[in-house]
Amino acid sequence: MHEYHKAVEWVEKANKEAAEKGAAKVKTLHVTFGESSGYSPEVVKNYFDEAAAGTASEGAEFQITVTRSMLKCPQCGKLFEKKLLDYKCPDCGVEGNPTESGNEVELTSVECEQ
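Going along each chain's sequence as written, the residues are numbered from 1 onward. Thresholds applied to this predicted model are a pLDDT of at least 70 for local features of residues and 80 or more for the giving and counting of side-chain atom pairs; totals over whole chains, interfaces and linings are not thresholded and use all residues. Hydrogens are left out, water is left out, and the side-chain values use all remaining heavy atoms of the structure.

Draft legend 1. View of the overall build of the chain. Numbering of helices and strands starts at the N terminus; helices are DSSP runs of H or I of at least 4 residues and strands are runs of E of at least 2. Tallying secondary structure elements over the chain gives 2 helices and 6 strands in all. Helices and strands in the chain line up, N terminus first, as α-β-α-β-β-β-β-β. Radius of gyration means the value over C-alpha atoms here, while the globule rule gives 2.2 Å times the residue count to the 0.38 power. Taking 13 Å as the expected radius of gyration for a compact globule of 114 residues, we find that the chain reaches 18 Å, considerably beyond that expectation. Projecting the C-alpha coordinates of the chain onto the three principal axes gives extents of approximately 55 × 25 × 15 Å.

Rendered as structure tokens:
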């Protein structure tokens, strides 16, 4: 259900931005989803379409960017991609620490048309 709340939040933000720009329609939402965020872009889009019906955001497209989950080596500082069941730094072999990369769920920008 967290996808529903995110979709409604984005409809409200997009409609507000369109109104502030004096635009009649929201054309595209640029959104970022981290692969470890627990959110499904498809489910958010479906809820978005439902929540946007009859508003300036109706029919808006999603331009989706997916971010990879990254770890940071506590020994050498290298940032590296998290792999399934392998958390070791490729340079020094020390187990990496989680970072925020890959957990994002955000609306980064809104394109409107007059």
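Draft legend 2. Quick look at the pattern of salt bridges. A side-chain nitrogen of Lys or Arg and a carboxyl oxygen of Asp or Glu constitute a salt bridge if their distance falls within 4 Å. Here the structure, examined in full by the defined rule, presents 7 salt bridges. Of the charged contacts, one joins Glu9 and Lys6 as a salt bridge, the two residues approaching to 3.6 Å between their closest N and O atoms. In this pair, Glu9 and Lys6 are both assigned in helix α1 (residues 2-21), 3 residues apart and thus about one turn of the helix distant. The network of salt bridges with common partners includes Lys6, Glu9 and Lys13.

Draft legend 3. Spatial organisation of the environment of Thr65. Locating Thr65 in the fold gives a position in strand β2 (residues 61-67). Between the C-alpha atom of Thr65 and that of Gln75, which follows or precedes it by 10 residues, the distance is 30 Å. Not counting the four nearest positions on each side in its chain, Thr65 is found in contact with Val31, Thr32 and Phe33. Between two residues, a contact is recorded if the distance between any of their heavy atoms is within 4.5 Å.

Draft legend 4. How the structure looks around the sheet that holds strand β4 (residues 79-81). Should DSSP find at least two bridges between two strands, the strands are taken to pair. The sheet built from 3 strands is open, its strands ordered β4-β3-β5 with antiparallel pairing. The sheet is open, and its two borders are formed by β4 and β5 (97-98), each paired with just one other strand. In the sheet, strand β3 (residues 70-72) pairs with β4 via 3 bridges, with the strands oriented antiparallel. Paired with Lys72 across the bridge in β4 is Leu79.

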